[in-house]
Amino acid sequence: MIGRNDPCYCGSGKKYKKCHLKYDENLVAYEMKGYDIPQKKHIKNKAQIEGIRKSAVITKKLFDLLDDFVKEGVTTDEINALVHENTIKMGGTPAPLNYNGFPKSCCTSINDVVCHGIPENRVLKDGDIINIDLTTILDGYYSDSSRMYMIGNVSEKAKQLVEDTKKAMWIGIEQVKPYASIDAIGDAIQTFADSKGYGIVKDLGGHGVGVQFHEDPHIHHYRNNEKGMIMVPGMVFTIEPMINMGAYEVDILDDDWTVVTRDGSLSAQWEHTLLVTETGYEVLT
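This one's a predicted model, so the numbers in the text were calculated from it and none came from an experiment.

Asks: Please clarify how the overall build of the protein chain should be interpreted in this entry.
Replies: For the protein chain, the helix and strand inventory stands at 5 helices and 15 strands. Expected size for 285 residues packed as a compact globule is a radius of gyration near 19 Å; at 20 Å, the protein chain falls within 12% of this value. When the backbone C-alpha atoms are referred to their principal axes, the protein chain occupies close to 65 × 45 × 30 Å. Taking all 285 residues of the protein chain together, 52% fall into the buried category. Restricting to contacts in the protein chain with at least 6 residues of sequence separation, those with at least 24 account for 67%. Working note: accessible area of the protein chain is about 13,300 Å², and carbon and sulfur atoms make up 48% of it. The centroid of the 31 positive side-chain charges in the protein chain is displaced by 10 Å from the centroid of its 41 negative side-chain charges.

Structural data, given as structure tokens:
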């Protein structure tokens, strides 16, 4: 058992009482209240965090390119080619390619497609809304993000859905702070979505990320009335609410990837990778 004056187990060189003692005491108190406590595998060290940051630089640069590229007349295959070629050019690897058999380097999800849409020879049309989801690997570290794009003259309802879903993501992000429950994220997003009459997809959610594509913990974007995992500094995960204009139910198409709204309503999603800090959060992507 580590003593108060022993070197801290984290390798900081500080005494335990000056480093992780209070942190560990806080976690014990929350565990006694029934909360899930993160394990060491859930907490990234400084080198890992820096690696994720560098990966995220590529992801952000890819979106800068897409901002000027995505428009009416472009195909989702052309979007995929831009992402693939420029990821490689910048020294990264597109994580989706061949992940559990996924055939492309990004996901392109149009209109009623919630997520995991496969790029193809489909042309973007006036009035479409599209989510583009990117995950970059650089030197073994992953960064994950997605953005919505509105093509030409979209309907007012579609525009409102896209804007409200972005708001929902930021409302979730604002709940991130040390020693709060992860379930605060879903509670806040649910309250906002309910006020707008939207359905929040329940079958998919955010996730830990950084040294693998998908890690624990799972991040609910809806209220589930459970005591979730306590957030602590060094945790890295995504917040990525998928919000439907209609009901929350979804189906998976025969390609075993494409997720669509069951009622055919429009769906939108925004995503960032977050780091829990000593005082709150840092958006990495």
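Now that the structure has been shown, we can carry on.
Asks: Honestly, the pairing of strand E8 (residues 215–219) in this entry has me stumped. Any pointers?
Replies: Looking along a regular strand, one sees side chains alternate from face to face of the sheet. Sheet analysis places strand E7 (residues 206–208) next to E8, joined by 3 bridges and oriented antiparallel. Counterpart to Gly208 in the pairing with E8 is Glu215. Taken together, E7 and the strand that follows it, E8, pair antiparallel across an intervening segment of 6 residues, in which Gly210 is found at a positive phi of about 145°.

Asks: I tried to follow the pattern of salt bridges on my own but got confused; where do I start?
Replies: It is possible for side chains of opposite charge to pair when their charged atoms get near one another. Evaluation of the coordinates by the stated rule reveals 7 salt bridges. Look at the salt bridges and you will find they share partners, linking Glu50, Arg53 and Glu282 into a network.

Asks: How should I be thinking about the sheet that holds strand E12 (residues 259–261) in this particular structure?
Replies: Strand-to-strand pairing in sheets goes through backbone hydrogen bonds, with the strands running parallel or antiparallel. Spatially, the 3 strands line up as an open sheet ordered E3-E12-E11, and their pairing is antiparallel. Edge strands, defined here as strands with exactly one partner in the open sheet, are strand E3 (113–115) and strand E11 (250–252). The sheet shows a mean angle of 40° between the axes of neighbouring strands, direction not considered. Sheet analysis places E3 next to E12, joined by 2 bridges and oriented antiparallel. Looking at E12, one finds that Cys115 is bridged to Val259.

Asks: Help me understand the packing of helix H4 (residues 156–173) against helix H5 (residues 183–196), please; the structure alone is not making it clear to me.
Replies: When two helices pack together, their arrangement is captured by the angle between the axes and the distance separating the axes. Taken N-terminus to C-terminus, the directions of H4 and H5 make an angle of 150°; their axes are 8 Å apart at the nearest point. With respect to H5, the axis of H4 lies roughly antiparallel. Viewed along their axes, H4 and H5 form a crossing whose handedness is right-handed. The residues of H5 that touch H4, namely those facing Asp164, Lys167, Ala168, Ile171 and Gly172, are Ile185, Ala188, Ile189, Phe192 and Lys196. For the contact of H4 with H5, the residue count by class is 6 nonpolar, 1 polar and 3 charged.

Asks: Sorry if this is basic, but what is going on with the sheet that holds strand E13 (residues 267–269) here?
Replies: Judged by pairing direction, the sheet is antiparallel, and its 3 strands sit side by side in the order E6-E10-E13 without closing on themselves. With one partner strand each, in any of the chains shown, strand E6 (199–200) and E13 form the two edges of the open sheet. Both strand E10 (residues 242–244) and E13 contribute to a ladder of 3 bridges, which runs antiparallel. Along E13, the bridge assignment pairs Ile243 with Ala268. Contacts between H4 and the sheet are confined to E10 and E13, with E13 contributing the most and set at about 40° to the helix.

Asks: For this particular structure, what's the right way to read the packing of aromatic side chains?
Replies: Inspection of every chain in the model, using the stated rule, returns 5 aromatic pairs. Ring geometry for Tyr30 against Tyr35: centres 5.8 Å apart, planes inclined by 80°, an arrangement best described as edge-to-face. On the basis of relative accessible area, Tyr30 is assigned to the partly exposed category, the value being 22%. Plain terms: the ring middles of Phe102 and Trp257 are 5.0 Å apart, the flat faces sit at 85° to each other, and that makes the pair edge-to-face.

Asks: Explanation requested: helix H2 (residues 46–69) in the structure shown.
Replies: What sets the pattern is the α-helix's 3.6 residues per turn: residues three or four places apart point alike. Between the first and last C-alpha of H2 there are 35 Å, a value that for 24 residues agrees with the 34 Å anticipated at 1.5 Å per step. Buried residues of H2: Ile49, Gly51, Ile52, Ser55, Ala56, Ile58, Thr59, Leu62, Phe63 and Leu66, and no others. Elements in contact with the buried residues of H2: helix H3 (76–89), strand E4 (129–138), strand E5 (141–150), strand E9 (236–239) and strand E14 (272–276). Put simply, Asn45 is the residue that caps the front of H2, since its side-chain oxygen is 3.1 Å from the backbone nitrogen of Ala47.

Asks: When you look at unusual backbone geometry in this model, what are you seeing that I'm missing?
Replies: Outside of glycine, negative phi angles account for most residues, and trans bonds account for most peptide bonds. With an omega of 5°, the peptide bond running from Asp216 to Pro217 counts as cis. If you trace the backbone, Pro217 turns up in strand E8. Positive phi, close to 65°, is recorded for His116, a residue that is not glycine. Here His116 shows up in the loop between E3 and E4.

Asks: What's the story with the packing of H2 against H3 in this structure? I'm lost.
Replies: Where H2 meets H3, the closest approach of the two axes is 10 Å, and the angle between their N-to-C directions is 150°. Judged by the angle between their axes, H2 and H3 are roughly antiparallel. As for the relative orientation of H2 and H3, their crossing is right-handed in sense. The residues of H3 that touch H2, namely those facing Leu62, Leu65, Leu66 and Phe69, are Glu78, Ile79, Leu82, Val83, Asn86 and Thr87.

Conventions used here
- Residues numbered from 1 in each chain as written.
- Predicted model: local features only at pLDDT ≥ 70, side-chain atom pairs only at ≥ 80, totals over all residues.
- Heavy atoms only, no water.
- Helix = DSSP H or I, 4+ residues; strand = E, 2+ residues; numbered from the N terminus.
- Rg over C-alpha atoms; globule rule 2.2 N^0.38 Å.
- Buried < 20%, exposed > 50% of the residue type's maximum accessible area, 1.4 Å probe, protein only.
- Contact = heavy atoms within 4.5 Å.
- Areas by Shrake-Rupley, 256 points an atom, 1.4 Å probe, with all protein chains shown as cover.
- Lys, Arg positive; Asp, Glu negative; His and termini not counted.
- Charge placed at Lys NZ, Arg CZ, Asp CG, Glu CD.
- Pairing = 2+ DSSP bridges.
- Salt bridge = Lys/Arg side-chain N within 4 Å of Asp/Glu carboxyl O.
- Axes fitted to C-alpha atoms, helices over the stretch in contact; angles between N-to-C directions.
- Parallel < 35°, antiparallel > 145°, perpendicular 65-115°, else oblique.
- Left-handed = near helix turned anticlockwise from the far one by under 90°.
- Nonpolar A, V, L, I, M, F, W, Y, C, P; charged D, E, K, R; others polar.
- Phe/Tyr/Trp six-rings, centres within 6.5 Å; stacked < 30°, edge-to-face > 60°.
- Expected span 1.5 Å × (residues − 1).
- Polar contact = N/O pair within 3.5 Å; in protein donor to acceptor, adjacent residues only side chain to side chain.

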